[in-house]
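So the chains spell out like this:
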Amino acid sequence: MTESSFQDDVLDGLGDRDLNEIAGLLGTDTDGAREAVAETAGAMSSQLRQKAVADDDDAAEVREALSEVAEPPLQGVATLGGGLAGGLMAGLLTKMSRPIAQAVSKKTGIPAANVDRIIRVLIPVVMAVFAKRAAATKGAAPEAAPGAAHSSGAAPGAGSGGLGELLEQILGGGKQ
């Protein structure tokens with residue numbers, strides 16, 4: 001997992017059908033679609049990081065959404081409610097879609113409306129990547145579980161309560 005960037009994981013999870021849909025939307029080939037997806041996924045990751053380290057309600061919202069993603073999914077009868085797992089993060093990503101679309105549009109020249117449509121395609125993929133990374137981290141390092149994260153130090157500048165570690169687990173390290 002440490003070798004693979006967040007963007008690579010999103011691209012791997014996207015699939016040919018969705019990648020072709022994005023290419024068609026942009027009027028480009030799959031390489032152009034890959035570049036647009038990588039840029040958009042990077043912007044999503046960056047926005048989450050920025051919100052997480054803010055000293056306001058945004059950080060609490062991100063912390064809660066990341067904690068939800070890090071929890072194992074509901075099983076059995078509890079899942080009959082219609083898939084509440086990922087609800088907070090999906091809502092947060094949807095809420096962030098307009099500023100992300102504007103930022104990516106400004107950087108790439110792709111119309112913001114098209115970037116917004118790319119984001120709508122990416123949200124379920126991003127959710128799957130988050131869940132996969134959180135599960136892999138829990139399996140590989142039990143001390144990095146959310147309960148343990150609160151007892152250890154956070155990454156520099158990442159706020160209190162182990163939010164930095166949770167960000168590191170799900171979004172990966174370094175520049176996304």
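Scroll up a little and you will see the structure.
Being a predicted model, the structure only gives us computed values, none of them experimental. (Residues numbered from 1 in each chain as written. Predicted model: local features only at pLDDT ≥ 70, side-chain atom pairs only at ≥ 80, totals over all residues. Heavy atoms only, no water.)

1. Considering the overall build of the chain
- Along the chain, the regular secondary structure elements total seven helices and zero strands.
- Each helix and strand of the chain, placed in order from N terminus to C terminus, yields the pattern α-α-α-α-α-α-α.
- Within the chain, the proportion of its 176 residues that are buried is 41%.
- Intrachain contacts of the chain at a sequence separation of at least 6 include 70% that bridge at least 24 residues.
- When the accessible surface of the chain is split by element, carbon and sulfur atoms take 54% of a total near 9200 Å². (Helix = DSSP H or I, 4+ residues; strand = E, 2+ residues; numbered from the N terminus. Buried < 20%, exposed > 50% of the residue type's maximum accessible area, 1.4 Å probe, protein only. Contact = heavy atoms within 4.5 Å. Areas by Shrake-Rupley, 256 points an atom, 1.4 Å probe, with all protein chains shown as cover.)

2. Some points on the pattern of salt bridges
- Taken as a whole and judged by the stated rule, the model has five salt bridges.
- Among the ionic pairs, Arg 17 bridges to Asp 18, the shortest N-O distance being 3.4 Å.
- A relative accessible area of 15% means that Asp 18 is categorised as buried.
- Taking the shortest distance from any N to any O, the salt bridge between Glu 39 and Lys 107 comes out at 3.2 Å. One end of the pair, Glu 39, is in helix H2 (residues 30-53); the other, Lys 107, is in helix H4 (residues 87-108), and 68 residues separate them in sequence.
- The class of Glu 39 is partly exposed, set by a relative accessible area of 25%. (Salt bridge = Lys/Arg side-chain N within 4 Å of Asp/Glu carboxyl O.)

3. Topic: the nonpolar core
- Residues Val 10, Met 89 and Leu 93 are the most contacted members of the largest nonpolar core, which totals 39 residues.
- Elements with a contribution of two residues or more to this core: helix H1 (6-26), H2, helix H3 (57-70), H4 and helix H5 (112-140).
- No other element matches H5, which puts twelve residues into this core.
- Filtering out sequence-adjacent residues up to four positions away, Met 89 remains in contact with Leu 48, Ala 65, Leu 66, Glu 68, Val 69, Met 127 and Phe 130. (Core = buried A, V, L, I, M, F, W, Y, C linked by side-chain atoms within 4.5 Å.)

4. Some words on the packing of H2 against H3
- Relative to each other, H2 and H3 sit at 120°, their axes nearing to 6 Å. Considering the angle they form, H2 stands oblique to H3. Considering only the axes of H2 and H3, their crossing is left-handed. When H2 is examined against H3, the residues Leu 48, Lys 51 and Ala 52 are found in contact with a partner set consisting of Asp 58, Ala 59 and Val 62.
- For the contact of H2 with H3, the residue count by class is four nonpolar, no polar and two charged. (Axes fitted to C-alpha atoms, helices over the stretch in contact; angles between N-to-C directions. Parallel < 35°, antiparallel > 145°, perpendicular 65-115°, else oblique. Left-handed = near helix turned anticlockwise from the far one by under 90°. Nonpolar A, V, L, I, M, F, W, Y, C, P; charged D, E, K, R; others polar.)

5. Some words on the packing of aromatic side chains
- Tallied over the entire structure, the rule returns one aromatic pair.
- Note on Phe 6 and Phe 130: the rings are 5.5 Å apart at their centroids and 25° apart in plane angle, and the pair reads as stacked. Here Phe 6, found in helix H1, pairs with Phe 130, found in helix H5; they are 124 residues apart in sequence, far enough to count as distant. Across the pair, exposure class does not vary: Phe 6 and Phe 130 are buried alike. (Phe/Tyr/Trp six-rings, centres within 6.5 Å; stacked < 30°, edge-to-face > 60°.)

6. Looking at the packing of H1 against H2
- It is the contact of H1 with H2, at a shortest axis distance of 8 Å, that shows an interaxial angle of 130°. Here H2 runs oblique to H1, going by the angle between their axes. In this structure, the crossing between H1 and H2 has a hand that is right-handed. When H1 is examined against H2, the residues Phe 6, Gln 7, Val 10, Leu 11, Leu 14, Leu 19, Asn 20, Ile 22, Ala 23 and Leu 26 are found in contact with a partner set consisting of Thr 30, Ala 33, Arg 34, Ala 36, Val 37, Ala 38, Ala 41, Gly 42 and Ser 45.

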